[in-house]
Amino acid sequence: MSSVQDQKGYFGQFGGSFVPPALQEVLEYLAEQFYKFKDDPEFIEEFRYYLREYVGRENPLTYAKHLTDKLGGAKIYLKREDLNHTGSHKINNVLGQILLAKRMGAKRVIAETGAGQHGVATATVCAMFGMDSVVYMGAEDTRRQALNVFRMELLGAKVVAVEKGQGRLKDAVDEALNDLVQNYKNTFYLLGSAVGPHPFPTMVKHFQSVISEESKRQILEKEGCLPNAVIASVGGGSNAIGAFAHYIDEPSVRIIGVEPDQAATLTEGVPAVIHGFKCLVLLDEEGNPKPTYSIAAGLDYPGIGPEHSYLKESGRAEYYTVSNEEVLEAFQVLSKTEGIIPALESAHAVAYAIKLAPTLPKEQILIINISGRGDKDVEQVFNMLKK
Ligand SMILES: *Cc1c(COP(=O)(O)O)cnc(C)c1O
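What counts and what doesn't
Residues numbered from 1 in each chain as written. Predicted model: local features only at pLDDT ≥ 70, side-chain atom pairs only at ≥ 80, totals over all residues. Heavy atoms only, no water. Helix = DSSP H or I, 4+ residues; strand = E, 2+ residues; numbered from the N terminus. Contact = heavy atoms within 4.5 Å. Patch = residues over 30% accessible without salt bridge, like charges linked within 9 Å, V, L, I, M, F, W, Y side chains within 5 Å. Areas by Shrake-Rupley, 256 points an atom, 1.4 Å probe, with all protein chains shown as cover. Salt bridge = Lys/Arg side-chain N within 4 Å of Asp/Glu carboxyl O. Buried < 20%, exposed > 50% of the residue type's maximum accessible area, 1.4 Å probe, protein only. Axes fitted to C-alpha atoms, helices over the stretch in contact; angles between N-to-C directions. Parallel < 35°, antiparallel > 145°, perpendicular 65-115°, else oblique. Left-handed = near helix turned anticlockwise from the far one by under 90°. Nonpolar A, V, L, I, M, F, W, Y, C, P; charged D, E, K, R; others polar.

With respect to the secondary-structure elements, P358 resides in the loop between α15 (344-356) and β14 (365-370). Put simply, P358 and C225 are 133 residues apart on the chain and 21 Å apart in space, counted from C-alpha to C-alpha. Leave out the neighbours within four places in its chain, and P358 touches L71, G73 and A353.

Structural data, given as structure tokens:
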């Protein structure tokens, strides 16, 4: 896998850890424990056990015959993270982190969530492992996502509505960090994407890289060769880095990330520090993080994982944007051709594949990472299409 990352969590100029000293100590301890356990045979065995018996891995790499025929170009395969328990790739990471939390002796897990997807995944594994969980969520977001709040409560989590600031994700992150600094002795902060200060991006990649470990083995079995390209949607970057990890050192494989055109961090961002790490960030004229907007709640973030920032700068990966109209079209096309309703986030990757595949010869092979299923988005799409 990528060898660019050093022990302090830098990927070229990106990454690192820019936090107050009290938090720095907590993160250094976390990094030490992560490096200690990640290669421990018992830890690996337990992680594999739950991936198999609880998440339902390995999931298939499905040949999308009808989509391929319709587009008339490269052969398209779908990596089916939508079939995981709880319906997306997020479970891979929360499972890895909770096993680490357990080994570190934590009694309590905290997390922050925007739209609620990561909060639900965290509450799920905490229920499974009998841990107390507290999920910080902006007050505004708790009102907009009342059903996800209830889902977390059903799973036994305590949801704290953060009224401070604008009552959004950023304010929830601040509260969670305050909690961690005060309670680090018994508390584990479970982060949901490949962002944040070291060691989070490295840790999240490690647990998500099971996606490309499987897809590489599966495509070699099915086709006897590597794919020509792997395509994934990018929010903070966790499903994409997991889908790319085992191809980064395979120069014949194009790796392609897809963003919403109204949250085009990698396409239009500049290097800056946000939330304790350096990455490409969308800034306004005054140099403040620019408000982003995406129809896919999971992609609505002004920063991006440090490794993606590096892969973009070094030219190893390509990043493109798609419009809301293209995403809505892709959402329907995959539903109709393959009987698979993708998450709106995943539909971004499908939308770019729909543009790319017809330009490539039939011998070429594309893998699209279907990061999640679209059940959660059906009502929203209904409202958009019937308007
Ligand atoms: C959260 C989410 C994303 C975006 O997060 P990444 O960390 O960029 O993967 C993408 N797809 C689905 C289904 C999600 O739930």
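This paragraph deals with unusual backbone geometry. Residue E58 is bonded to the preceding R57 through a cis peptide linkage, with omega at 5 degrees. Of the consecutive residues H198 and P199, the connecting peptide bond is found in the cis state with omega at 10 degrees. On the secondary structure map, P199 appears in the loop between β8 (187-189) and α9 (200-208). In this structure, T86 takes a positive phi of about 75 degrees despite not being glycine. Turning to its location among the elements, T86 is positioned in the loop between β4 (75-80) and α4 (90-103).

A grouping of L147, F150 and L154 is seen on the molecular surface, where their side chains present a nonpolar patch of about 360 Å² in accessible area. Mapping L147 onto the fold places it in helix α7 (residues 146-154). Assessed through its relative accessible area of 60%, L147 is described here as exposed.

In the contact formed by helix α1 (residues 21-37) and α9, the axes pass within 10 Å of each other and the chain directions differ by 30 degrees. When the axis of α1 is compared with that of α9, the two are roughly parallel. Regarding α1 and α9, the two cross each other, and that crossing is left-handed. Taking contact as the criterion, the partners of L27, L30, F34 and Y35 in α1 are, on α9, F200, T202, M203, H206 and F207. For the contact of α1 with α9, the residue count by class is seven nonpolar, two polar and no charged.

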